[in-house]
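# Residue-level structure breakdown
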Amino acid sequence: MIHIHSVNGYMPLLSWRLSNILQLATQGFCKHFVDYNIDPCGRLRDQMEMAARTVPANIAEGSSRHQTSYETEMRLLDVSRASISELEGDYLNWLMRNGHSMWHIDDPRYIEVRDFKFFDAPPLAPDYLAIISEHILGEYRRFSALLRPNDSLHSACVIIVLCERVKQLLTSQINKRLSDFKDEGGFTENMTQERLSTIKEKSTTEGAPLCPKCGSPMRLKMIRKGIHQGEQFWGCTDYPKCDGTRPLR
């Protein structure tokens, strides 16, 4: 059985699954409420739908770069978070243009949406695309019961609370990646360490002298500037931590 984490590791993420539900909810909202009379040029609808699309797209792309670049992953996750803020602003403006304000956080309606229980990721199988899409559609049908198809103001408030939930998930995800980066280093740092380990091992097997300062194996280097340019010397493999050298002869 193929494990979904080994194929598309972002799909079980709650942030990615909820952002898909957010996208579906936004598409439904725009279809029902953002008509020609309100948005004659279609710009508002395009902006809202594109902002909603950007969220899961950047989560997917960022998480796919997890093994090679923490920096790229965190940057894309931050773009997703910014897109949610943009989308949230459009919904908030929708409320205000209709003389309505957002629910307070102690409002029972706010609490109901905030505490809505989403199911865990589905069982994994070779046909993971079918399974994950069925799962998200099922979750959206459950969540859409909180929306009111004939009440744009209530629906906008519900979707704003969902925006807040996804933003919190992304913030936690970014903080976790930052902590991992501090502990493990990034792809470039790890590749450098692997290269230095190989150099040290090769130097040892070739009988290179040991560094007079720290005792590490040394490797041949070449002077690149000055009157001795082109001449070789022994340099410590722990450089730049150690700058020990020995003459070639």
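This section reports on the structure supplied with the text. (Residues numbered from 1 in each chain as written. Predicted model: local features only at pLDDT ≥ 70, side-chain atom pairs only at ≥ 80, totals over all residues. Heavy atoms only, no water.)

Further remarks concern the packing of helix α2 (residues 14-33) against helix α3 (residues 43-64). α3 packs onto α2 with a crossing angle of 165 degrees between their chain directions and a minimal axis gap of 9 Å. Classified by the angle between their axes, α2 and α3 sit roughly antiparallel to one another. Between α2 and α3 lies a crossing whose hand is left-handed. Residues S15, W16, S19, N20, Q23, T26, Q27, F29, C30 and K31 of α2 touch α3, and the partners they reach there are R45, M48, E49, A52, R53, V55, P56, I59 and A60. A class-by-class count of the residues in the contact of α2 with α3 yields nine nonpolar, six polar and four charged. (Axes fitted to C-alpha atoms, helices over the stretch in contact; angles between N-to-C directions. Helix = DSSP H or I, 4+ residues; strand = E, 2+ residues; numbered from the N terminus. Parallel < 35°, antiparallel > 145°, perpendicular 65-115°, else oblique. Left-handed = near helix turned anticlockwise from the far one by under 90°. Contact = heavy atoms within 4.5 Å. Nonpolar A, V, L, I, M, F, W, Y, C, P; charged D, E, K, R; others polar.)

With that out of the way, let us pick up the environment of P247. Along the chain, the position of P247 falls in strand β3 (residues 245-247). On the accessibility criterion, P247 (60% relative accessible area) is exposed. Sequence separation between P247 and W234 is 13 residues; the distance between their C-alpha atoms is 6.0 Å. (Buried < 20%, exposed > 50% of the residue type's maximum accessible area, 1.4 Å probe, protein only.)

Looking now at the environment of I132. Its location among the elements puts I132 in helix α6 (residues 128-143). Between the C-alpha atoms of I132 and P122, which are 10 residues apart in sequence, the distance is 6.8 Å. When residues no more than four places from it in sequence are discounted, the contact partners of I132 are M11, W16, R17 and P122.

Our next topic: the packing of aromatic side chains. Evaluated as defined, the whole model comprises seven aromatic pairs. Their ring planes at 80 degrees and their centres at 5.7 Å tell us that F116 and F143 sit as a pair that is edge-to-face. Taken together, the residues span a long stretch of sequence, with F116 in the loop between α5 (108-114) and α6 and F143 in helix α6 at a distance of 27 residues. A relative accessible area of 0% places F143 in the buried class. Against the face of F119 rests R142, its NZ or CZ located 4.0 Å from the ring centre. (Phe/Tyr/Trp six-rings, centres within 6.5 Å; stacked < 30°, edge-to-face > 60°. Lys NZ or Arg CZ within 6 Å of the ring centre and 35° of its normal.)

For helix α4 (residues 70-97), with 28 residues, the first-to-last C-alpha span of 41 Å sits near the 40 Å given by 1.5 Å per residue. Downstream of α4 by one or two residues, G99 has phi in the positive range, about 70 degrees. (Expected span 1.5 Å × (residues − 1).)

Time to look at the nonpolar core. Of all hydrophobic cores here, the largest spans 47 residues; its most connected members are F29 and F143. Counting residues per element, the ones that place at least two in this core are α2, α3, α4, α5, α6 and α7 (152-184). Per-element tally for this core: the top contributor is α7, with 11 residues. Counting residues in hydrophobic clusters, the runner-up holds six residues, among them A208, M218, W234 and C236. (Core = buried A, V, L, I, M, F, W, Y, C linked by side-chain atoms within 4.5 Å.)

Moving on, we get to the pattern of salt bridges. Two side chains of opposite charge can pair, provided their charged atoms sit close to one another. Taken as a whole, this structure holds 11 salt bridges when the rule is applied. Note that R177 and E73 form a salt bridge whose closest N and O atoms lie 2.5 Å from each other. Taken as a pair, R177 in helix α7 and E73 in helix α4 lie far apart in primary sequence, 104 residues in all. Of the residues examined, R177 reaches a relative accessible area of 14% and is grouped as buried. Taking the relative accessible area as the measure of exposure, E73 reaches 0% and is therefore buried. The shortest N-O distance in the salt bridge between D115 and R114 comes to 3.0 Å. By relative accessible area, which is 39% here, R114 ends up partly exposed. (Salt bridge = Lys/Arg side-chain N within 4 Å of Asp/Glu carboxyl O.)

Over its 16 residues, α6 runs 22 Å from end to end, which matches the ideal 22 Å to within 8%, given 1.5 Å per residue. Every buried residue of α6 is listed here: Y128, I131, I132, H135, I136, E139, Y140 and F143. One face of α6 carries all of its buried residues, which in axial projection span an arc of 165 degrees. Away from its buried face by more than 90 degrees, α6 exposes E134 and R141. (Arc of directions from axis to C-beta.)

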